[in-house]
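The primary structure of each chain is shown beneath.
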Amino acid sequence: MYNSKITGLGFYVPDNVITNDDLSKMMDTNDEWIQERTGIKERHWIPEGSDDTSATMGAKAAKIAIERAGLSKDDIDFIVFATLSPDYYFPGCGVQIQDMLELPTIGAIDIRNQCSGFVYALSTADQFIKTGMYKNILVIGSEYHSNGLDKTTRGRGVGVLFGDGAGACVLSRTEDNTKGILSTHLHSQGKYADKLVVHSPSIKNWVPKIIASNGEDISYFPYMDGTFVFKHAVVRFSEAIMEGLTANNLTVNDLDMFIPHQANLRISQFVQRKFKLRDDQIYNNIMQYGNTTAASIIIALTEAWEKGKIKDNDLIVLAAFGSGFTWGSVVIRW
Ligand code: ACO
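Residues numbered from 1 in each chain as written. Predicted model: local features only at pLDDT ≥ 70, side-chain atom pairs only at ≥ 80, totals over all residues. Heavy atoms only, no water.

1. Section: the site of the ligand
Close contacts around the ligand come from 24 residues, with Thr29, Arg37, Cys115, Asn264 and Ser323 the closest. Measuring from a nitrogen atom of the ligand, one finds a side-chain N or O atom of Thr29 at 2.6 Å. One nitrogen or oxygen atom from the side chain of Asn264 is found 2.6 Å from an oxygen atom belonging to the ligand. Bound to the protein, the ligand loses 72% of the 1000 Å² it would expose on its own. Breaking the shell around the ligand down by element, the ones donating at least two residues are helix H2 (31-38), helix H6 (156-159), helix H8 (226-247) and strand S12 (315-322). In terms of residues, the shell around the ligand owes the most to one element, H8, which gives 4 residues. Taken together, the residues of the shell around the ligand break down into 11 nonpolar, 10 polar and 3 charged. Looking at which domains feed residues into the shell around the ligand, each of domain 1 (3-176) and domain 2 (181-333) gives three or more. (Near = heavy atom within 4 Å. Polar contact = N/O pair within 3.5 Å; in protein donor to acceptor, adjacent residues only side chain to side chain. Areas by Shrake-Rupley, 256 points an atom, 1.4 Å probe, with all protein chains shown as cover. Helix = DSSP H or I, 4+ residues; strand = E, 2+ residues; numbered from the N terminus. Nonpolar A, V, L, I, M, F, W, Y, C, P; charged D, E, K, R; others polar. Domains from an automatic or database assignment.)

2. Topic: a nonpolar patch on the surface
Judged by side-chain polarity, Tyr89, Phe90, Ile203, Trp206, Val207 and Ile211 come together as a nonpolar surface patch covering roughly 720 Å² of accessible area. Note on placement: Ile203 falls in the loop between strand S9 (196-197) and helix H7 (207-212). (Patch = residues over 30% accessible without salt bridge, like charges linked within 9 Å, V, L, I, M, F, W, Y side chains within 5 Å. Salt bridge = Lys/Arg side-chain N within 4 Å of Asp/Glu carboxyl O.)

3. Side note on the environment of Val80
With respect to the secondary-structure elements, Val80 resides in strand S4 (residues 78-82). Along the primary structure Val80 and Ala319 are separated by 239 residues, whereas in three dimensions their C-alpha atoms are 18 Å apart. Discounting chain neighbours no more than four positions away, the residues touching Val80 are Ile109, Ile111, Ala121, Ala125, Ile137, Leu138, Val139 and Ile140. (Contact = heavy atoms within 4.5 Å.)

4. Quick word on the nonpolar core
Residues Leu122, Val139, Ile259, Leu301 and Leu318 are the most contacted members of the largest nonpolar core, which totals 35 residues. Tallying contributions element by element places helix H5 (residues 117-130) first for this core, with 7 residues. Here this core spans two domains, since at least three of its residues come from each of domain 1 (3-176) and domain 2 (181-333). Setting aside chain neighbours within four positions, we find Leu122 in contact with Val139, Cys169, Leu171, Ile181, Leu318 and Val330. With 26 residues, the next largest nonpolar core counts Ala263, Leu277, Val317 and Phe321 among its residues. (Core = buried A, V, L, I, M, F, W, Y, C linked by side-chain atoms within 4.5 Å. Buried < 20%, exposed > 50% of the residue type's maximum accessible area, 1.4 Å probe, protein only.)

In structure tokens:
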């Protein structure tokens, strides 16, 4: 059986930076509240009038990843695209990438697992490589949140958390079984779907019904029971790390870099304290980007790699938790 390893990384965020002070002009919030509860200082939002979308940002990140992998577009065999904010209700963004990057008419799938989207996407791509079906897979996480948030005081509990951006990697076949993705573990618990959800538009509640409600139906804005989600997140992140390490006969002492999904700096710090990780064993960038959901892990991984924080042979654990609920881990020997 083959193994898979990341051979190219890239990310893209819009230039437009929105600080907490900027948000306080749109809604009743303030920098102190946001930083104290979440660690977020600023996020990037696609500005009005821009042509950027989840697909275009994903394409920009993917182009960088393909170049850094030293490959050409004709070498890519398959596309896995993770997002909760697709350009269209259907088709998914994966097919747009095939067109935008002028790739051959290869297969493309979309992954709908929210904050765990990138972990699910990487795991999916890993299976296709391990079986020998594909050699080089483009794995993308991208989110255009800002156009779907309630930017009034009514939506402040969610609106301040999210940012726009995209990250991508090329996952390639290797015959070295000591390197690359060592394991992936995926979980879901659908009974909590309503705790973090966008209800509409859906086949149950389609657009004409929303319009007819004259603004009273706000089910198209994200809803989150923040405290409930937070309590589950700290437990599931911890479980995800341990499950990945234990499956590989490793312990926290073997860990060189933990890259958590960037949901809230307080969640990451809780996990860091629990496992007594040094500052150089964890990478957080939610302070600058907010929660970019399916893009957050791959943006963080790319940024950490660009800063030279990831070295050959390092043991890296990626872990995510989010809406669904879904959670999971990826263990990588770099
Ligand atoms: N500015 C100022 N005040 C605010 C804001 C804001 N932006 N938002 C909420 N408040 C107020 C509330 O109205 C409330 O006021 P009240 O006490 O008068 O009613 C008070 O602040 C406390 O609100 P809580 O929601 O209880 O605040 P909490 O301490 O729980 O923090 C937070 C909220 C940051 C959202 C936290 O619950 C959290 O991070 N949850 C987990 C997020 C997460 O892990 N998400 C998973 C991934 S996301 C995905 O999958 C899409």
